[in-house]
Amino acid sequence: YAIHLLTHKQLNEVWKLNQRCFRDGEGYPKSTINYLLSEPTTLSYRVVTPNDEMVGFIFVGIKDGIAHLTTIGVAPE
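Only a predicted model underlies this, so the values are computations on that prediction, with no experimental measurement involved.

Within the fold, lysine 30 resides in helix H2 (residues 30-38). Classification of lysine 30 by relative accessible area gives partly exposed; the value is 33%. When the C-alpha positions of lysine 30 and alanine 75 are compared, they lie 17 Å apart, and in sequence the two are 45 residues distant. When sequence neighbours within four positions are dropped, the list of residues in contact with lysine 30 reads Leu11, Asn12 and Trp15. Within the structure, lysine 30 has its side chain in polar contact with the side chain of asparagine 12 (distance 2.4 Å).

This is how it looks when you write it as structure tokens:
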């Protein structure tokens, strides 16, 4: 596994994984994920397999030197 920055190029992929991780409306809508990827105070990373399949993601907001875990998802399987 490897950890890489998560960018707008992976928007659809992270949104699909988000839907698999959070059921019953608990996941963020695509518009919120898009916003988080655009927000300069948010760090976003993805975890990928050797085949470059995304199996995890994390969004962390930073404000006034304090980190806030916004969301984290790991493929259910």
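From this point on, the discussion continues.
Our next topic: a nonpolar patch on the surface. Together, Ile3, Leu5, Leu43, Tyr45 and Ile62 make up an exposed nonpolar region whose accessible area comes to about 470 Å². Secondary structure elements with two or more residues in the nonpolar patch: strand S1 (2-5) and strand S2 (42-48). By relative accessible area, which is 55% here, leucine 5 ends up exposed.

It is worth spelling out the packing of helix H1 (residues 11-21) against H2 at this point. Running from amino to carboxyl end, H1 crosses H2 at an angle of 130°, the nearest separation of the two axes being 10 Å. The angle between the axes of H1 and H2 places the two elements in the oblique class. As H1 packs across H2, the resulting crossing turns out to be right-handed. Contact with H1, carried on its side by Leu11, Asn12, Val14, Trp15 and Asn18, involves Lys30, Ile33, Asn34 and Leu37 of H2 and no other residues of that element.

Grouped together as the largest cluster of nonpolar side chains are 13 residues, with contacts concentrated most on Leu6, Val14, Ile33, Leu37, Met54, Phe57 and Phe59. Every element with two or more residues in this core is listed here: H1, H2 and strand S3 (54-63). Top element by residues in this core is S3. It accounts for 4 residues.

Rules used throughout
- Residues numbered from 1 in each chain as written.
- Predicted model: local features only at pLDDT ≥ 70, side-chain atom pairs only at ≥ 80, totals over all residues.
- Heavy atoms only, no water.
- Helix = DSSP H or I, 4+ residues; strand = E, 2+ residues; numbered from the N terminus.
- Buried < 20%, exposed > 50% of the residue type's maximum accessible area, 1.4 Å probe, protein only.
- Contact = heavy atoms within 4.5 Å.
- Polar contact = N/O pair within 3.5 Å; in protein donor to acceptor, adjacent residues only side chain to side chain.
- Patch = residues over 30% accessible without salt bridge, like charges linked within 9 Å, V, L, I, M, F, W, Y side chains within 5 Å.
- Areas by Shrake-Rupley, 256 points an atom, 1.4 Å probe, with all protein chains shown as cover.
- Salt bridge = Lys/Arg side-chain N within 4 Å of Asp/Glu carboxyl O.
- Axes fitted to C-alpha atoms, helices over the stretch in contact; angles between N-to-C directions.
- Parallel < 35°, antiparallel > 145°, perpendicular 65-115°, else oblique.
- Left-handed = near helix turned anticlockwise from the far one by under 90°.
- Core = buried A, V, L, I, M, F, W, Y, C linked by side-chain atoms within 4.5 Å.

All we've got here are geometric facts, nothing functional implied.
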